[in-house]
Amino acid sequence: MTCHRAVITLWSLLATWMCCRTSAQTLTTFSSAALQSKLSEFSSSALGAPSMQSAFDAAVVSSTSSIDGVRAVSTLATGVSTRLTSRSRAARDLQSAARQAYQAGMTRQEETLCCKLDDDDVAFDSRFNTTVSRNNGCDRISATASSNRPMISAAIAAASKANLVDVPELKFQYYGSEEGYATIYPGFNASSCSSYDPRYRPWYVAAAVPAAKDVVIVVDTSGSMGAIIPDDNRRTRLDLAKEAIDSILGILSPEDRVTILPFNTNPDKIEPNVYGNMSCFNTIVGPATPYNIRQLKWLVQELNAGGATNYAPAISKAYQIFSASPALASRDRVILFLSDGDPGDSESEILSKQESAALPFNYRIHVLTYAMGANIEAGRGILTKMANQDYPGVSATKATGEFRLVSDFLNLRPTLTRFYSFFASEDTSSSVIFTQPYYDAFGLGLIMTAAAPVYTTNSDTTQVLRGVVGVDITITDLFADISYFSDDEHQYTFMINRKGAAILHPLLNQPVDISSDPLFQDITLLEVDAQFRTLVYSQMRNGTTGSATINATRFLTIGDSKYEGTVRVSVLSTYYWTPVYGTDFVVCVVLNLESSREVADIGSQNAPSESTVYHRLDLAAPRGRRCDQFGREAVSDVSAVKFSPEAFTDPARYLNVPESTSNVTQMLNYLDGRSVTNRYFKSSVVNLVRLTSKLDKIWDSNFFRKYQQSVVWRYIGAIDGVFRIIPGTQLPTSYDHLSRGWFTRSLNRPGQLTMSPPYLDAFGAGYVVTLSTTIHQSSVRSNPSAVGAVMAMDFAVGFLNEFMISVYGSCANSYRCMLLDSSGYLVFHPSFLSASANPEWVHLGHEEPQVMETLLNTGVLRKKSCVRYDTFSRYSYFRVTMPTGQTEVSSSYPCQDPVAHGTSVNFKVMHIANTNMYLAVVSTSCPYRPRTLSSCPCPVRNGLGQCQTSEILQSCECPCVRGVDYFPCNNSFPGSIAVSDVCPAEIVALPVVPRKPDKVTKLEKCFNGRCSNITSSRTCQATVGCAWCTQDKDDTELSSAYCTTDCACFQGVQGKENPNAACTEANDDNQAHATWNAGYSAAIVVITLIIVFSVIRADKRKRQRRQAQQQARSGGVAASQPRSTPQRASTSNRSTAALVPTPPAPVMDKTAAFGTTSVRRPSAPPDPESIPVTAYRPPSDPSAPPDYNSALTMSTSLNTPAMPPAYPPGHSG
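Small disclaimer: the values here were computed from a predicted structure and weren't measured. (Residues numbered from 1 in each chain as written. Predicted model: local features only at pLDDT ≥ 70, side-chain atom pairs only at ≥ 80, totals over all residues. Heavy atoms only, no water.)

(A) Just the environment of A399, in detail. Counting through the fold element by element, A399 comes out in the loop between α12 (378-388) and β13 (402-406). Each C-alpha atom, one on A399 and one on I365, is 5.9 Å from the other, the two residues being 34 residues apart in sequence. With residues up to four places along the chain from it excluded, the contact list for A399 reads Y363, R364, I365, H366 and Q389. (Helix = DSSP H or I, 4+ residues; strand = E, 2+ residues; numbered from the N terminus. Contact = heavy atoms within 4.5 Å.)

Shown next as structure tokens:
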């Protein structure tokens, strides 16, 4: 360790000396052109984009095509209708099986309880996203189920199995009985044996009573409701009432409308200052949407007992609510009135108030009253008269009502929840209904239930409701053709219902990605043009078929919209729409008319000479070198192929049916030419797979291997859904590259290089940055429609530090050099290299607030916002915009440091041409203290915080999010919000493919950075999987910093592990560090001293030669020249740089590595913190130990001194 510290100290002193003897670079000499050139070269030599573009150019036979909008929309609508019919048939098969079982006189059977399934009988099934028993169904019995219940479980399970064979995309199938039990297939482990009652589920009620209802729930909150329930000692009467109301709310559908009216002495209000925008429920009934139900349930839990029991004002208020609510035809209206005490007002007063309020409705509102407790006396009589509307002297026909005495408080919930049976449907046709989409509890995204009632005929020919069958179907399954129709953001599809609510739209998350009950917003919030309202919207709601051409507004995705916002463009488009037969859905296809669509008609490609590797390495044995890539099985020298849903002729089947060895083998046989049978793919896929397979040779060449020290992944994603990655490894089935930020960021910047802000690699490579660029399928390089694919690579964040220093040497000391993207997020900042630093989504304002304020004041940084209606959120974001005709701006701000107060801090921001990036350079004349004395609030460093200012567009606050006003009673937003830019769907986190330790225990590492052998902090941080360890867990600086794996010292903190890495071998590198080889250290010391001595000696000889030359020219007077001459500095300013003459230009060698030029004869001492550049041929095994006996080579670049080797040879960045 002593030798180790001595080496680091020696290199540090040498670096300081180098900085002093090198002429400082001035701010004005910084030019982004040098960095742009280096990035282009890096993209070419590390990613291979030009090689792939050449392959596309040679293979593509471009042809202009246009989509037939009329045919396309008809095909999509027919496909949806066909799927709905087949799913409806599955529900009818269950219905028929249940009816036949009852008619056969089935008796009580032995139950298989879901809560007691044998663990050996269940296994994880991806199509259900949980562990299930494919062999058996199971039963769930409610606490109030009839003890003499007939069971038909076997019949339901048998019919369900047959359905699943016919339609593999089906999810859970089940039957709920009127006796209070449910049979579910496939069986699954339930946590409770008696908490589930199918009769309280929305799908059950929707099928049993399909008519929509308006409901006012009037609940007594007087003081007596605070009494403890006998034999309970915990819950009060009000607690039980809350549970009952919660259940009532739970069975309502979005077609219903509802409100809560608590009362005691007088009716209570929902206070706006407490419940915000729910105050409209004080006066009207609102739709029972998932959002409103959640809010009302929360309101119910806030009720408290107190006050008297006055019926008259409460029943009068209930009718007033109906008066104020917009009338809707063909629906029942009902008041549920619940009390536990005798009223404080008289019977005559109560009935008089009720009669006056009911008269305007012709007494057609149903009243259901409930008395809690056997001791209620006077209340029992008046509640009966209120239910029957028994008004003295009034003989008009009235709506029927019902009074119920709930003497046992514990029966309150089942009694009230069954109120819907009062409205049992007179229609016993047993038709199948589809519920409104809702969020699946098992995480399958949005689903619908196809439900049908089961009726049997009694001996007197009357129909008796026995129960309801249900079949769950994912929205992705039903509407996959619509969801995955688009291949660019100007041509797409969407779907609404006849009420105008958007079910599917590109600006919304895919149904499979939705993680909570959705808010179905009106389509006019997403299609914002006035012409759309007049020419398209009304026609679609009327259920007609038609088309219209308008100038349409598009909101484009340029990355992650939550952080990076959107871009608004106007596109001449034609809308084609048609209804889906037998449903209230309407499908629309939108086509861009402004440019012809050039498609990649790839000429027939020969079958590959070697077999295609599919990413499911567990299902098809791959060729190539198997290895351990951060704890996951991979192949290092061959890329693996994966497909997005867009690549398949049936996207739903790909997403819903688990892959197997059989179907993977069928796919590979077709792709590799061993079979002509294509059961899965669209026609363009096979040639794209074969064309992109050429990347295997490109990426595995020696030329590209030299970058593997810092490059983690290389990949390509085609518009047609083909994705290829190296090292080849398994990805989640739901991974769709077309929706990822790196893809959309490049898609909308065709022909440019784009970089992402840093993020934590999901596979364990630490913090990485993605660089991406487009591959074009036609000659029109500037048109997004001409993009055929996007290529990208991920590399370590620290690599950018070395990259910039290789271009601008002064970034190592005199300036803070950083990269920011077009939204102002930092792609790199020197602070990212500090211990414990998290570089994810760090905005310029977090690290350089004074720079951000200055740029805002000069208009270079502009603030914008967009709205996500489904989350009631407005997001603020920034755009960097250079003044017209300029590519850079320079400015300054006063230093606020107490010591350096008054000093001006100069900085410069430059756009890097043909990229989404800007280079910012800030003078280090002022101590770096981020967020000090800044007036711009930035409470959260990583990501978004709640906005601190009321008007987010007028403040300098960092990107943030705040709520927007929403009117839940009519599902609308204020006009000022409804004209805002719309945030596209945000990127959702993907499920991580589980590691399989047994698969990798005997495999070599795909890449081993040999972190413990690295002595340079910059080299360490630029190496994938390595960390420069400087602190312990108590934030105490270590006496000696060192390089190790980020499993052992993640983010520079000793003992902290990378959360996404497989860290079982974290100690190996620590041991290597602890057993530092003293001989190796001594060798480096000797080499260093030799270099220093050689350079000093060379400098001395140069000075002697120069003095001799001067003497020869001036006749020997140079030796006595005054101190004030330019050749020598004054005694008051004797800097080394002034004494040493500028060295002559080095002799260049055109062998390029790391994008710099090698130097055969160094003219300056080495910089110990610089990246080496060697013309080295890597060993056949890329993870072989580095050869430190290779000859030392030096390199240089613009404004950069020569550099010694620091990376292991053959692995230079």
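Don't stop here, the text continues.
(B) Region of the structure containing unusual backbone geometry. With omega at -5°, the peptide bond leading from Y185 into P186 counts as cis. Position of P186 among the secondary structure elements: in the loop between β6 (181-185) and β7 (187-188). Residue P727 is bonded to the preceding I726 through a cis peptide linkage, with omega at -5°. By secondary structure assignment, the location of P727 is in the loop between β28 (722-726) and β29 (728-729). Although it is not a glycine, N362 sits at a positive phi angle of roughly 55°. Relative to the assigned elements, N362 resides in the loop between α11 (347-358) and β12 (366-372). Even without a glycine there, the phi angle at Q1051 is positive, about 55°.

(C) Representation of the pairing of strand β39 (residues 904-911) within the structure. Two strands pair when backbone bridges link them, and strand β38 (residues 888-894) and β39 are joined in this way by seven bridges, in the antiparallel orientation. Each bridged residue has a counterpart across the sheet, and for V889 the counterpart in β39 is V909. Taken together, the five bridges between β39 and strand β40 (residues 917-923) define a ladder with antiparallel strand orientation. Note that in β40 the partner of V909 across the bridge is A920. Joining the antiparallel neighbours β39 and β40 is a turn of five residues, in which N914 adopts a positive phi near 60°. (Pairing = 2+ DSSP bridges.)

(D) A look at the packing of aromatic side chains. Overall, the coordinates contain 49 aromatic pairs when judged by the stated rule. Centroid distance F30 to Y815: 5.1 Å. Interplanar angle 80°. Geometry classified as edge-to-face. Within this pair, whereas F30 is found in the loop between α1 (2-21) and α2 (32-47), its partner Y815 is found in strand β34 (residues 815-821), the two being separated by 785 residues in sequence. No difference in accessibility class separates F30 from Y815, as the two residues are buried. (Phe/Tyr/Trp six-rings, centres within 6.5 Å; stacked < 30°, edge-to-face > 60°. Buried < 20%, exposed > 50% of the residue type's maximum accessible area, 1.4 Å probe, protein only.)

(E) The pattern of salt bridges, seen in detail. Within this structure, the stated rule accounts for 35 salt bridges. Two residues, D340 and R237, come together in a salt bridge whose shortest N-O distance is 2.6 Å. With a gap of 103 residues between them, D340 in the loop between β11 (332-339) and α11 and R237 in helix α7 (residues 237-251) connect regions that are remote in the sequence. The pair D340 / R237 is uniform in exposure class, with both members buried. (Salt bridge = Lys/Arg side-chain N within 4 Å of Asp/Glu carboxyl O.)

(F) Examining empty space enclosed by the protein more closely. As enumerated under the stated definition, the model contains nine cavities of 30 Å³ or more in all. The computed volume of the largest cavity comes to approximately 960 Å³. Lining the largest cavity are 47 residues; nearest its centre among them are P506, L508, Q510, L738 and S739. Elements that contribute at least two residues to the lining of the largest cavity include exactly α14 (475-483), β18 (492-497), β19 (502-504), β20 (546-557) and α22 (741-747). If you tally residues by element for the lining of the largest cavity, the top one is β20, at five residues. Residues that form the lining of the largest cavity fall into these classes: 24 nonpolar, 13 polar and ten charged. Roughly 320 Å³ of volume is contained in the second largest cavity. Residue lining of the second largest cavity: 22 residues in total, with Y767, F832, Q1021, C1026 and Q1051 positioned closest to the centre. Secondary-structure elements contributing two or more residues to the lining of the second largest cavity are α23 (797-807) and β43 (1026-1031). A per-element tally of the lining of the second largest cavity places β43 first, with three residues. Of the residues contributing to the lining of the second largest cavity, the split by class is 13 nonpolar, eight polar and one charged. (1 Å grid on protein atoms, 1.4 Å probe; cavity = no way out; pocket = protein on both sides within 12 Å on 5 of 7 lines; lining within 4 Å. Points joined across faces, edges and corners; volume = space filled by probe spheres on them. Nonpolar A, V, L, I, M, F, W, Y, C, P; charged D, E, K, R; others polar.)

So yeah, pure geometry; function would need other evidence.
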